[in-house]
Amino acid sequence: MLPIVNHPDYVAQIGDDHRFPIKKFGALFDLLKKDNILNKTNLHIPEPAQYFDLTKAHQPEYIQKIDNLSLSKEEERKLGFPMVPSVKRRSYMATGGTVLSAELALSYKLACNTAGGSHHAFADSGNGYCVFNDVAVAAYYLLNKHSVKKILIYDLDVHQGDGTAKIFENNEQVHTFSIHSKRNYPLTKQKSDTDIELNDAISDEEYLNIVFQSLQKINTMNFDFVFYVAGVDIHENDKLGKLKITTEGIVKREKMVISNFYKRHIPLCGVLGGGYNKDFNHLVYLHSILHRTCHEILKNEY
């Protein structure tokens, strides 16, 4: 079965009225269990990210601020979360979860976290609900501790992976590839290795063709590992997205992306990315499409 990484600490205590739907992580765990995609045999529990690994992507001074819960009011505002102990625990655990998912992907070809994709976190700051850049930490972990030489970070969140782009701007071993809304957060975009900007209200056919063409380009490159940020804030009913992608469009996207790398024997680590759908239960389902698709691909292999 598909290795799936989860921890109860993914749900931080930020208040039920917070704009960020933090309870989706627990609800996703419950849905995957109910639908027999997750059970005791394929559930993996992460350890918190290690300080040494965090320092590869983040400045020690920033990590210390998180450890001491000492962000300024302005820094908290940019982050979007109150800097409370449960947010700190969640940030360490979700980052550790992506590191573990990456290791599992090396063994199983596919593995998924039930959180992650905190791509707005820079080396020295948190932004846009992202404390630590889990994918950046995990990418450095693979480069330093495994025989991985060339990593693709394929980011299909509706928002540009600006923190990720900045962290790896001078690293030739990591290629940052972002397909995102042109007129959406962040206001100031960074320069990924590849950026594809989407106009507002783009629909399924055009969007899926862009994704397909991007994969054709990627397939001419030689990557030996992929982090896939499977944001579902592209959905037509998302509060923060500006696109018109249907649920079926997201299903087709996941099948296209994941099967592309799987049939080329390139290990893939899937992380959630963003999702702020107006319908909470449907949001949870949308996030589960990543895990459902990986599960089906692995099941059909055997």
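Let me begin by describing the structure that accompanies this report. Computed from a prediction, not measured in an experiment: that's the story for all the values here. (Residues numbered from 1 in each chain as written. Predicted model: local features only at pLDDT ≥ 70, side-chain atom pairs only at ≥ 80, totals over all residues. Heavy atoms only, no water.)

1. So, helix α9 (residues 247-262)
Here α9 contains 16 residues, and its C-alpha end-to-end distance of 22 Å stays within 8% of the 22 Å for a straight helix at 1.5 Å per residue. Residues of α9 that are buried: Thr247, Gly249, Ile250, Val251, Arg253, Glu254, Val257, Ile258, Asn260, Phe261 and Tyr262. Turning to α9, the residues buried within the fold contact β3 (110-113), β4 (151-155), α8 (204-218), β7 (225-229), β8 (268-271) and α10 (280-301). (Helix = DSSP H or I, 4+ residues; strand = E, 2+ residues; numbered from the N terminus. Expected span 1.5 Å × (residues − 1). Buried < 20%, exposed > 50% of the residue type's maximum accessible area, 1.4 Å probe, protein only. Contact = heavy atoms within 4.5 Å.)

2. Things to note about a positive patch on the surface
Where like charges cluster on the molecular surface, the positive patch consists of Arg19, Lys239, Lys244 and Lys278. Along the chain, lysine 278 falls in the loop between β8 and α10. (Patch = residues over 30% accessible without salt bridge, like charges linked within 9 Å, V, L, I, M, F, W, Y side chains within 5 Å. Areas by Shrake-Rupley, 256 points an atom, 1.4 Å probe, with all protein chains shown as cover. Salt bridge = Lys/Arg side-chain N within 4 Å of Asp/Glu carboxyl O. Lys, Arg positive; Asp, Glu negative; His and termini not counted. Charge placed at Lys NZ, Arg CZ, Asp CG, Glu CD.)

3. Topic: the layout of surface pockets
Approximately 470 Å³ is the volume attributed to the largest pocket. As for the largest pocket, its lining consists of 28 residues, of which His120, Gly128, Tyr129, Tyr185 and Tyr276 are closest to the centre. Taken together, the elements giving at least two residues each to the lining of the largest pocket come down to α1 (24-34) and α4 (73-79). Of the residues belonging to the lining of the largest pocket, the class tally is nine nonpolar, twelve polar and seven charged. Estimates place the volume of the second largest pocket at around 190 Å³. Residues of the lining of the second largest pocket, tallied by class, amount to seven nonpolar, three polar and three charged. (1 Å grid on protein atoms, 1.4 Å probe; cavity = no way out; pocket = protein on both sides within 12 Å on 5 of 7 lines; lining within 4 Å. Points joined across faces, edges and corners; volume = space filled by probe spheres on them. Nonpolar A, V, L, I, M, F, W, Y, C, P; charged D, E, K, R; others polar.)

4. Things to note about empty space enclosed by the protein
The final tally for this structure, using the stated rule, is two cavities of 30 Å³ or more. One number sums up the size of the largest cavity: a volume of about 90 Å³. Taken together, Phe81, Val87, Arg90, Ser91, Ala94, Thr95, Gly116, Ser118, Tyr129, Val131, Phe132 and Asp134 make up the full set of residues lining the largest cavity. Top element by residues in the lining of the largest cavity is helix α5 (residues 85-108). It accounts for five residues. Considered class by class, the residues forming the lining of the largest cavity number six nonpolar, four polar and two charged. Taken as a whole, the second largest cavity encloses approximately 40 Å³ of empty space. In terms of lining, the second largest cavity is formed by Ile153, Asp155, Gly161, Thr164, Ala165, Thr176, Phe177, Ser178 and Ser192. Secondary structure elements with two or more residues in the lining of the second largest cavity: β4, α7 (162-167) and β5 (174-181). The biggest single contributor to the lining of the second largest cavity is β5, with three residues. When its residues are assigned to classes, the lining of the second largest cavity shows three nonpolar, five polar and one charged.

Nothing here speaks to function; it is geometry throughout.
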